[in-house]
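Architecture at a glance
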Amino acid sequence: MRLVLALAILSGAALATNGDNLIGVTPASRAMGGIGVGLPLSATDAPFRNPAWMRSHKGYSFSFGGIVFAPSVKTRIQNPLGDSGNQKSKADLFVIPEVGLVMPVGERLSLGLGAFGVSGLGVDYTNNERLLSAFDPRTNLGAMLNMRTNFQFMRVIPSFSYELSEGLYLGGGLH
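Residues numbered from 1 in each chain as written. Predicted model: local features only at pLDDT ≥ 70, side-chain atom pairs only at ≥ 80, totals over all residues. Heavy atoms only, no water.

**Thoughts on the nonpolar core**
So the rule is basically this: By nonpolar core we mean a set of buried residues, namely Ala, Val, Leu, Ile, Met, Phe, Trp, Tyr and Cys, connected to one another through side-chain atoms within 4.5 Å. Burial classes follow relative accessibility: with a 1.4 Å probe on protein chains only, a residue under 20% of its type's maximum area counts as buried, one over 50% as exposed, and anything between as partly exposed. Residue contacts are defined here by distance: any two heavy atoms, one from each residue, within 4.5 Å place the two residues in contact.
Among the nonpolar cores identified, the biggest contains five residues, and these are V25, F48, F116, V118 and I157. Excluding residues within four positions of it along the chain, V25 makes contact with R30, D45, F48, E98, F116 and V118.

In structure tokens:
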């Protein structure tokens, strides 16, 4: 117990991402570490994580939202020709959308459609004189550093949930 308490006090905030993939699709799912697979968090999260949970939500459900992701990306280039110092990327604000629709069809069937931003990354080092001056202009390396990248991946998932018996659901989605 003392060890756990000491680690909790001494550890800093985990300022990281899960590579270029989000842990969950809705704020509730992300806050709970992506637990939407085993627990029905919301009708929005169900088509993506576990479509069988859609049937546990009675009635129609339509929701949309998003999250603002503001990473702080920096680089430092060092070589014998020059040192760029710490340089910050200008790409520092991303909006990640989420839309979910779940509708009952009959007594036991529900259909759903979800559209979620699930992955992405980007940097912008265009027109950065300090990065460019760190390299010999006779090489192409300086031009490669004058770059901007942007990768955004969204999934649109049609799905279904069928109630086989009380508390037992079968679900699937086309990813």
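**Focus on the sheet that holds strand β1 (residues 61-69)**
So the rule is basically this: Note: two strands are recorded as paired if DSSP finds a minimum of 2 bridges between them. A run of H or I in DSSP counts as a helix once it spans at least four residues, and a run of E counts as a strand once it spans at least two, with each numbered from the N terminus. Note on definitions: angles span 0 to 180 degrees between N-to-C directions of axes, and those axes are lines fitted to C-alpha atoms, for helices only across the stretch in contact.
If you walk across this open sheet you meet the five strands as β1-β4-β5-β6-β7, and the pairing is antiparallel. The sheet is open, and its two borders are formed by β1 and β7 (168-173), each paired with just one other strand. Recorded for the sheet is a direction-independent mean angle of 20 degrees between the axes of neighbouring strands. Pairing analysis gives eight bridges linking strand β4 (residues 94-105) to strand β5 (residues 109-124), with the strands arranged antiparallel. Considered in β5, the bridge of L101 is made with L113.

**Observations regarding the environment of V99**
As for its position among the elements, V99 is in strand β4. Sequence separation of V99 and T44 is 55 residues, and the distance between their C-alpha atoms is 6.8 Å. Sequence-distant contacts of V99, that is, excluding residues within four places in its chain, are made with T44, F62, S63, F64, L113, G114, A115 and F116.

**Here we look at the pattern of salt bridges**
We count it as follows: Here a salt bridge means any side-chain nitrogen of Lys or Arg lying within 4 Å of a carboxyl oxygen belonging to Asp or Glu.
All chains considered together, the criterion is met by two salt bridges. One salt bridge connects E163 with R55, and the closest N-O pair in it is separated by 3.7 Å. Taken together, the positions of E163 in strand β6 (residues 148-165) and R55 in the loop between α3 (46-49) and β1 put the pair 108 residues apart, joining distant regions of the chain. When its relative accessible area of 11% is taken as the criterion, E163 is described as buried. Given a relative accessible area of 7%, R55 falls into the buried group.

**Remarks on the environment of F153**
With respect to the helices and strands, the residue F153 is situated in strand β6. The exposure class assigned to F153 is partly exposed, which follows from its relative accessible area of 37%. In the structure, F153 is positioned 34 residues away from S119 in sequence and 5.1 Å away in space, judged by C-alpha atoms. Apart from residues no more than four positions distant in its own chain, F153 is found in contact with F116, G117, V118 and S119.

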